[in-house]
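Summary of structural features
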Amino acid sequence: TITTLNALEILDSRSRPTVKVVLTLDDGTRAQAQVPSGASTGTREAVELRDGDQSRYRGLGVRTAVANVTGPIAREIIGRPFDSLETLDRALIALDGTEHKSGLGANAILGVSMAFARALATSAGQELFEFLPSVGSQTPRMPVPCFNVLNGGVHAANPLDFQEFMICPLGAPTMAEAVRAGSEIYGALRSQLADAGHPVGLGDEGGFAPDIAQPEEVLDVIVAAIRAAGYTPGRDGVAIAMDPASSEFRADDGTYVVAGEHFTSDQMIDRYQAIVDSYPVWLLEDGLAEDDWDGWARLTGRLGDRIELVGDDIFCTNPAIIGQGIEKGVASASLIKLNQIGSVSETLEAMRVCADAGYRQFMSHRSGETPDTFIADLAVATGCGHIKAGAPARGERVAKYNRLIEISAAHPELPYGLPD
Ligand code: PGA
Ligand code: ZN
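Everything numeric here is computed off the predicted structure, so don't read it as measured data.

Along the backbone of the protein chain there are 13 helices and 13 strands. Taking the principal axes of the C-alpha coordinates as reference, the protein chain spans close to 60 × 50 × 45 Å. Of the contacts formed within the protein chain by residues at least 6 apart in sequence, a portion of 71% connects residues at least 24 apart. A total accessible area of about 14900 Å² is found for the protein chain, and carbon and sulfur atoms account for 47% of it.

Take the site of ligand 1 next. In the region of ligand 1, 15 residues are neighbours, and Ala39, His155, Arg366, Ser367 and Lys388 sit closest. Ala39 has a polar backbone atom sitting 2.6 Å from an oxygen atom of ligand 1. Between an oxygen atom of ligand 1 and a side-chain N or O atom of Arg366, the distance comes to 2.7 Å. For ligand 1, the accessible surface in isolation is 280 Å², of which the surrounding protein chains cover 100%. Tallied by class, the residues present in the shell around ligand 1 amount to 2 nonpolar, 5 polar and 8 charged.

Further remarks concern helix 6 (residues 215–228). Taking 1.5 Å per residue, 14 residues should reach 20 Å; helix 6 reaches 20 Å between its end C-alpha atoms and fits that length. Within helix 6 the residues assigned to the buried category are Pro215, Val218, Leu219, Val221, Ile222, Val223, Ala225 and Ile226. A positive backbone phi angle near 90° is found at Gly230, which sits one or two residues after helix 6.

Among the 9 residues that make up strand 2 (residues 17–25), 8 are buried, leaving the element largely enclosed by the rest of the structure. Of the pairings in the sheet, the one linking strand 1 (residues 2–11) to strand 2 comprises 9 bridges and is antiparallel in character. The residue of strand 2 that forms the bridge with Leu5 is Leu23. Turn length for the strand 1-strand 2 hairpin, with the two strands adjacent in sequence and antiparallel, is 5 residues, and the turn residue Ser15 shows positive phi of about 65°. Where strand 2 lies against strand 3 (residues 30–34), 5 bridges are found, and the strand directions are antiparallel.

Okay, the coordination of the zinc ion (ligand 2) next. For the zinc ion (ligand 2), the protein coordination sphere consists of Asp243 (OD), Glu285 (OE) and Asp312 (OD), at 2.0 to 2.2 Å. Each donor residue of the zinc ion (ligand 2) belongs to the same chain, and together they define the spacing D-x41-E-x26-D. Linking Glu285 in strand 9 (residues 281–285) with Asp312 in the loop between strand 10 (308–311) and helix 9 (319–328), this pair joins segments that are 27 residues apart in sequence. A relative accessible area of 0% means that Glu285 is categorised as buried. Take Asp312: its relative accessible area is 2%, and that puts it in the buried class.

What follows covers the confidence of the model for the protein chain. Looking at the protein chain, the pLDDT average stands at 98 and 100% of residues meet or exceed 70. Under the prediction, the complex receives an ipTM of 0.99, its pTM being 0.98.

Our next topic: the side chain of Glu285. Side chain to side chain, Glu285 and Lys388 meet in a polar contact 3.1 Å long. Setting aside chain neighbours within four positions, we find Glu285 in contact with Met166, Met242, Asp243, Pro244, Ala245, Val310, Asp312, Leu335, Phe362 and Lys388.

For the rest of this paragraph, the subject is the side chain of Ser367. Along the chain, Ser367 turns up in the loop between strand 12 (360–364) and helix 12 (374–382). Polar contacts involving the side chain of Ser367 include one to the side chain of Arg14, which spans 2.8 Å. Of note is the side chain of Ser367, whose polar atom sits 3.3 Å from the backbone nitrogen of Ala39. Apart from the residues lying within four places of it in its own chain, the contact partners of Ser367 are Ser13, Arg14, Ser37, Gly38, Ala39, His155, Asp204, Glu205 and Arg397.

Further remarks concern the environment of Leu284. Structurally, Leu284 can be placed in strand 9. Through-space distance from the C-alpha of Leu284 to that of Gly311 is 8.8 Å; in sequence the pair is 27 residues apart. What Leu284 contacts, discounting residues up to four positions off in sequence, is Met242, Pro244, Tyr272, Leu299, Ile307, Glu308, Leu309 and Val310.

On to the sheet that holds strand 4 (residues 144–151), then. Pairing between the strands of a sheet is mediated by backbone hydrogen bonds and can be parallel or antiparallel. Overall, mixed pairing links the 8 strands, which are arranged 4-5-6-9-10-11-12-13 in a closed barrel. Across the sheet, the mean angle separating the axes of adjacent strands is 30° when strand polarity is ignored. The sheet strands contacting helix 11 (residues 344–356) are strand 11 (333–336) and strand 12, and the helix crosses strand 12 at an angle near 150°.

Evaluation of the coordinates by the stated rule reveals 7 aromatic pairs. Between Tyr186 and Phe208, the aromatic rings sit 4.5 Å apart at their centres with planes inclined by 20°, giving stacked as the arrangement. Here Tyr186, found in helix 5 (residues 175–195), pairs with Phe208, found in the loop between helix 5 and helix 6; they are 22 residues apart in sequence, far enough to count as distant. The same class applies to Tyr186 and to Phe208, which are both buried. On the basis of an interplanar angle of 65° and a centroid distance of 6.4 Å, the ring pair of Trp293 and Phe315 is categorised as edge-to-face.

With that settled, consider the packing of helix 12 against helix 13 (residues 395–410). Taken N-terminus to C-terminus, the directions of helix 12 and helix 13 make an angle of 45°; their axes are 8 Å apart at the nearest point. In this view, helix 12 runs oblique relative to helix 13, as classed from their interaxial angle. Our pair here, helix 12 against helix 13, has a crossing hand that is right-handed. Each of Ile375, Ala376, Asp377 and Val380 in helix 12 lies in contact with helix 13, whose residues at this interface are Lys400, Arg403, Leu404 and Ile407. Class assignment for the residues of the contact of helix 12 with helix 13 results in 5 nonpolar, no polar and 3 charged.

Rules used throughout
Residues numbered from 1 in each chain as written. Chains lettered and ligands numbered in written order. Predicted model: local features only at pLDDT ≥ 70, side-chain atom pairs only at ≥ 80, totals over all residues. Heavy atoms only, no water. Helix = DSSP H or I, 4+ residues; strand = E, 2+ residues; numbered from the N terminus. Contact = heavy atoms within 4.5 Å. Areas by Shrake-Rupley, 256 points an atom, 1.4 Å probe, with all protein chains shown as cover. Near = heavy atom within 4 Å. Polar contact = N/O pair within 3.5 Å; in protein donor to acceptor, adjacent residues only side chain to side chain. Nonpolar A, V, L, I, M, F, W, Y, C, P; charged D, E, K, R; others polar. Expected span 1.5 Å × (residues − 1). Buried < 20%, exposed > 50% of the residue type's maximum accessible area, 1.4 Å probe, protein only. Pairing = 2+ DSSP bridges. Donors = N, O, S within 2.8 Å, 3.2 Å for Na, K, Ca; no water. pLDDT = per-residue confidence, 0-100. Axes fitted to C-alpha atoms, helices over the stretch in contact; angles between N-to-C directions. Phe/Tyr/Trp six-rings, centres within 6.5 Å; stacked < 30°, edge-to-face > 60°. Parallel < 35°, antiparallel > 145°, perpendicular 65-115°, else oblique. Left-handed = near helix turned anticlockwise from the far one by under 90°.

So this is what it looks like as C-alpha cells:
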C-alpha cells in the first residue's frame, strides 16, 4: 500500500522540465522515478502534459503534471491496496479516462507507474530486473548496447537529415567488452572527424554532429573508425544501425528530402538497399514515415529478410498499432519507449504482442533523458536482446550502460546478445 506520493518538476538533459515521482509503501520502502522526453515524437504517442505558460520555461513547464500526481492521483491511490503493478496501472488509466492519457498526462502516470514497480521490487528484496517479467518465450539476457555515435536530424544543428548512426557490438563476448568497444570506437571516430577538419561538437544524445550531409559519407567514417579501433565491421564484430527518423524529413507532397534532394518511398527503399549492399548495416529504424504504411510494407518485403526493420514513430509502443503492423506485414521489430504509451504494464503488453508474432523489441531511451536507469533493467528482464541509450558518453546516457555493466558483473550467468 502506498502511504506517500510526491512529485517534482526537475530538468532533463536538454534543459527542459520533466517529472520526478517519489513514493513510499507502508513497509517503509521508498522509491523514485524520472520521466524521459522525446523530440522526434510520433503523432500517436501518449500525451506529454506541458503547462503552456509562456512565462515559465518557454511554455514547457510540467507543474500541471506534477499537480496531477500530488492531487487526483494521490487521492485515488494512497491507502488503497494494489497487489500488482497491473492493478495500479489499470487504476491510473481509468482515472485518466482518455485514449492517449491527455487527462492526467503520460508524464504523470508513467512516473507513478515506474516508481511503484521499483517499490514493489525493493519491497520483495529483488533487483528491478529480477522483479520485472520476461516476455513470451524470451528469457532474461544482457542486451547488445547500440551506441548512437553520430547525430543529425532534430537532435543536432548540422546539415545531416538522418537522425542516428549507431554502432552495435553484436559479436562482443560480454557486456563489459561491448561497452569497451563502444567507447574505443567513439574515441577513434572523434579523431577521424577532427583529422578531417570537422567540428566535433555533440548532438542531444551525445554523438558527434559533424557538418556532413550524406548518410553514405557518415557510414564511410564510422566503418573507418571501427577498423581504426581494432574491431571488425559486421555482424561477427561491430555492426551499424541507423535511425533516419524519416517522418521528420518528409515533405508535404509525400517525398523524402535528403540533403536537399527529393526521393519517393521507392527511391528511399532503393537507397537503403544500396546501403545494405555496401555497408555493415544490420538494423534500420523508421526508414519510412509514420503515415507511409504502403511504403513500409514494400520496404519490409524488400529488406525484411536481410536486416531488422524497427518501427518507432509508426508504432509508438502501442499494442493495438503494433498488432495492425503485424497484420499488414510492416516491419520486423518495434522500438520500445515507456513514455510513448505511458505505463510500465502497457509497455510490457506491447512487447508481448511483438514476441508472440516473432517481432523483436528494441529497448530505447529518449533524446531528453535523466540519470534514471529503468530501461536497462527492463531490457534485461524482458530478454529483448538490444537497447539504445545514446553515445557511450554523457551522464544520462552512460548511466544506462553502467547499470548494465553492474548487472552483468553481478550475474555472469546471464547470456549476452540477441535472442534466437
Ligand atoms: P526522440 O528520438 O527521443 O527525440 O523521439 C529517439 C528516436 O527517434 O528513436
Ligand atoms: Zn526513432
